[in-house]
Amino acid sequence: MKPLRALLCGAASAALAAAGLTAFVTGQASGATVDAAGLGGRWYAAAPYLMPLDNNPPDASAIMDATGLKAFQLAFVLAPNGGGCSPTWGGTAPVSSDTAVAGVISSIRAKGGDVSASVGGYGGTKLGQNCPDAASTAAAYQQVITKYQLKAIDFDLEEPEYENTTAIAHEIGAAKILQQNNPGLYVSVTTAGTADGTGWFGKQMLNEAKTQGFVPDNFSIMPFDGGFSGAAAQTSALTNFNSVLQSTFGWNAATAYAHEGFSGMNGRSDTGEFFSQSDFQTVLDYATGHGMARFTFWSLNRDRQCSPPDNNGTTSGTCSSVPQAAWDFAKYSVKFAGATPPSSPPPSSAPPSSPGGTCTVAAWSSGAVYTQGNEVSHNGHEWKAKWWTQNEEPGTTGEWGVWQDEGTC
């Protein structure tokens, strides 16, 4: 949804590729180290999503210091907004010329962590939609892997792409090609969650994977934005999704759980559901108790209390809308990875301001009406309205939203 430096040793990488996920999970459970830097592959399975260029990006180094987190799922790699089959961040920032995301990755790796890149997400144009076939889709993603020396990638397959059978065939085919061409590459596939596990399009995607003979490290569902109410509804969906995996691939329950993942949403969801820290703990207990392969959430940009606190009203891309200390939800990812987060609370729960100078335009107001061309300031950036809007917070809807980010003040 709506993104670690784990350089695998040659022998460990070959063993991982040959033995598959079962051996990987067993190795992680026994505390085995699968990479030269001492960062086990389990961290990739625990990496929460982070938008490095949008939604008031938090300082990844500060999160690492406060929580012990080592892995980040950077989001999202998309096709160019103007068309084409080359990778960009958010549809606007070409990977080929990027320095900003590369800088974030360098700072994370300097502290002993690493990243995965997530492709797709909700909204925007996906490479599987624009590229003519699986091979060219894979070639576009290979540019991302090569530039950032990635050891992990996530395919976030959801609206509107997963309703397009051709695009999904391109994405699954690309994932298979990347898996074959990059030994040891950790590959996750994330899709929508429903009460019965996943919906018609999610099941169609699984059938496409079966047809192509592709098995990633995990298939993860997102049990939110679908009428869910707390952890009980989520664990029920995970149980049902396990049955879907069994029936699709012919696995038993244990094997299906070893290929199953959870991707949650911290705090208030897009549709007004609420997921608290206790809900995360319940799902974490379920995941570890059933030997699940992944536990992640959307997103670290939201893993801080709103300022002023907004514990009922709106869903934000920059805070959770529930009471919390900063980075509370990240600590559950740390636990899933098998580490122990610090016991002391982080010093601040307010979203940090983006760096920049003094803003020269009026601050955004939720009650004001804006029309095309109106400019506002918000979270240290200046924004220009693309069309009529009211109560749509700048920086919360990505590049395809109403507000165009004109940079820091």
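Given the structure is predicted, the values throughout are model-derived calculations rather than measurements.

## Notes on the overall build of the protein
Logical step 1: For the protein, the helix and strand inventory stands at twelve helices and 17 strands.
Logical step 2: A buried classification covers 54% of the 409 residues belonging to the protein.
Logical step 3: Summed over its atoms, the accessible surface of the protein is roughly 14900 Å², and 52% of this surface lies on carbon and sulfur atoms.

## Side note on the sheet that holds strand β14 (residues 375–378)
Logical step 1: Spatially, the three strands line up as an open sheet ordered β14-β15-β17, and their pairing is antiparallel. Looking at strand neighbours, the two that pair on one side only are β14 and β17 (403–408), the edges of this open sheet. If you compare each strand with its neighbour and ignore which way they point, the axes differ by 30 degrees on average.
Logical step 2: Bridge analysis of strand β15 (residues 381–385) against β17 gives four bridges, and the strand direction is antiparallel.

## Quick notes on the state of the cysteines
Logical step 1: Scanning the model with the defined rule gives two disulfides in all.
Logical step 2: Paired by a disulfide, Cys-85 and Cys-131 hold their sulfur atoms 1.9 Å apart. Disulfide Cys-85-Cys-131: torsion about the S-S bond near 100 degrees, hence right-handed. Placement of the pair is Cys-85 in the loop between β2 (71–78) and β3 (88–89) and Cys-131 in the loop between α5 (127–130) and α6 (134–148), with a sequence separation of 46 residues.
Logical step 3: You can call Cys-85 partly exposed: its relative accessible area is 27%.

## Describing the packing of helix α7 (residues 165–181) against helix α8 (residues 200–212)
Logical step 1: In the contact formed by α7 and α8, the axes pass within 10 Å of each other and the chain directions differ by 50 degrees. Viewed along their axes, α7 and α8 adopt a mutual orientation that is oblique. α8 is crossed by α7, and the crossing has right-handed handedness. When α7 is examined against α8, the residues Thr-165, Ile-168, Ala-169, Ile-172, Gly-173 and Lys-176 are found in contact with a partner set consisting of Gln-204, Met-205, Glu-208, Ala-209 and Gln-212.
Logical step 2: A breakdown of the residues in the contact of α7 with α8 according to their chemical character gives five nonpolar, four polar and two charged.

## Some thoughts on the environment of Val-101
Logical step 1: Here Val-101 lies in helix α4 (residues 100–110).
Logical step 2: Taking relative accessible area as the criterion, Val-101 reaches 0% and is therefore assigned buried.
Logical step 3: Measuring from C-alpha to C-alpha, the distance between Val-101 and Met-51 comes to 9.6 Å, with 50 residues separating the pair along the chain.
Logical step 4: When sequence neighbours within four positions are dropped, the list of residues in contact with Val-101 reads Pro-52, Leu-53, Leu-74, Trp-89 and Tyr-148.

## Let's talk about the nonpolar core
Logical step 1: Among the nonpolar cores identified, the biggest contains 93 residues, and Phe-72, Tyr-141, Ile-153, Phe-155, Phe-219 and Phe-295 are the most heavily contacted of them.
Logical step 2: Excluding its chain neighbours within four sequence positions, the residues that come into contact with Phe-72 are Ala-47, Pro-48, Leu-50, Ala-60, Ile-63, Met-64, Ile-108, Asp-114, Val-115, Ser-116 and Leu-300.
Logical step 3: Listed in part, the seven residues of the second largest apolar core include Trp-364, Val-376, Trp-383 and Trp-403.

## Structural notes on the side chain of Asn-218
Logical step 1: Looking at the element boundaries, Asn-218 is found in strand β8 (residues 218–222).
Logical step 2: Those residues within four positions of Asn-218 in sequence are excluded, and the remaining contacts are Tyr-186, Val-187, Ser-188, Val-189, His-259, Glu-260, Gly-261, Ala-293 and Arg-294.

## As for the pairing of β14
Logical step 1: With four bridges joining them, β14 and β15 adopt antiparallel strand pairing. Looking at β15, one finds that Val-376 is bridged to Trp-383.
Logical step 2: Remark: two residues form the turn of the hairpin made by β14 and β15, two consecutive strands paired antiparallel; Asn-379 in that turn has positive phi of roughly 55 degrees.

## A short note on the packing of aromatic side chains
Logical step 1: Per the stated rule, a full pass over the model turns up 19 aromatic pairs.
Logical step 2: Three or more aromatic residues joined by ring pairs make a cluster, and in this case those are Phe-262, Phe-280, Phe-295, Phe-297, Phe-329, Tyr-332 and Phe-336.
Logical step 3: The ring of Phe-336 is capped by Arg-42, whose NZ or CZ atom sits 3.9 Å from the centre of that ring.

## Digging into the packing of helix α9 (residues 230–249) against helix α11 (residues 277–289)
Logical step 1: Running from amino to carboxyl end, α9 crosses α11 at an angle of 25 degrees, the nearest separation of the two axes being 8 Å. Compared by their axis directions, α9 and α11 come out roughly parallel. For the pair α9 and α11, the crossing hand works out as right-handed. Judged by residue contacts, Gly-230, Ala-231, Gln-234, Thr-235, Leu-238 and Thr-239 of α9 engage Asp-279, Thr-282, Val-283 and Tyr-286 from α11.

## Topic: the pairing of strand β5 (residues 114–120)
Logical step 1: Buried residues dominate β5, accounting for seven of its seven residues.
Logical step 2: Two elements, β2 and β5, share six bridges in a ladder whose sense is parallel. Counted as the bridge partner of Ala-71 is Asp-114 from β5.
Logical step 3: Taken together, the four bridges between β5 and strand β6 (residues 152–156) define a ladder with parallel strand orientation. Directly across from Val-119, in β6, lies its bridge partner Phe-155.

## Focus: α8
Logical step 1: Here α8 is 13 residues long and its end C-alpha atoms lie 18 Å apart, about the 18 Å a rise of 1.5 Å per residue gives.
Logical step 2: Here α8 has its buried residues at Gly-202, Gln-204, Met-205, Leu-206 and Ala-209.
Logical step 3: Each element contacted by the buried residues of α8 is listed here: α7, β7 (186–192), β8 and α9.
Logical step 4: Remark: Gly-213 follows α8 within two positions and exhibits a positive phi of approximately 70 degrees.

## Section: the pattern of salt bridges
Logical step 1: Taken as a whole and judged by the stated rule, the model has four salt bridges.
Logical step 2: In this structure, the salt-bridge partner of Arg-294 is Asp-154, at a minimum N-O distance of 3.6 Å. One end of the pair, Arg-294, is in strand β12 (residues 294–298); the other, Asp-154, is in strand β6, with 140 residues separating them in the sequence. A single burial state applies to Arg-294 and to Asp-154, both of which are buried.

The rules we used
- Residues numbered from 1 in each chain as written.
- Predicted model: local features only at pLDDT ≥ 70, side-chain atom pairs only at ≥ 80, totals over all residues.
- Heavy atoms only, no water.
- Helix = DSSP H or I, 4+ residues; strand = E, 2+ residues; numbered from the N terminus.
- Buried < 20%, exposed > 50% of the residue type's maximum accessible area, 1.4 Å probe, protein only.
- Areas by Shrake-Rupley, 256 points an atom, 1.4 Å probe, with all protein chains shown as cover.
- Pairing = 2+ DSSP bridges.
- Axes fitted to C-alpha atoms, helices over the stretch in contact; angles between N-to-C directions.
- Disulfide = S-S within 2.5 Å.
- Parallel < 35°, antiparallel > 145°, perpendicular 65-115°, else oblique.
- Left-handed = near helix turned anticlockwise from the far one by under 90°.
- Contact = heavy atoms within 4.5 Å.
- Nonpolar A, V, L, I, M, F, W, Y, C, P; charged D, E, K, R; others polar.
- Core = buried A, V, L, I, M, F, W, Y, C linked by side-chain atoms within 4.5 Å.
- Phe/Tyr/Trp six-rings, centres within 6.5 Å; stacked < 30°, edge-to-face > 60°.
- Lys NZ or Arg CZ within 6 Å of the ring centre and 35° of its normal.
- Expected span 1.5 Å × (residues − 1).
- Salt bridge = Lys/Arg side-chain N within 4 Å of Asp/Glu carboxyl O.

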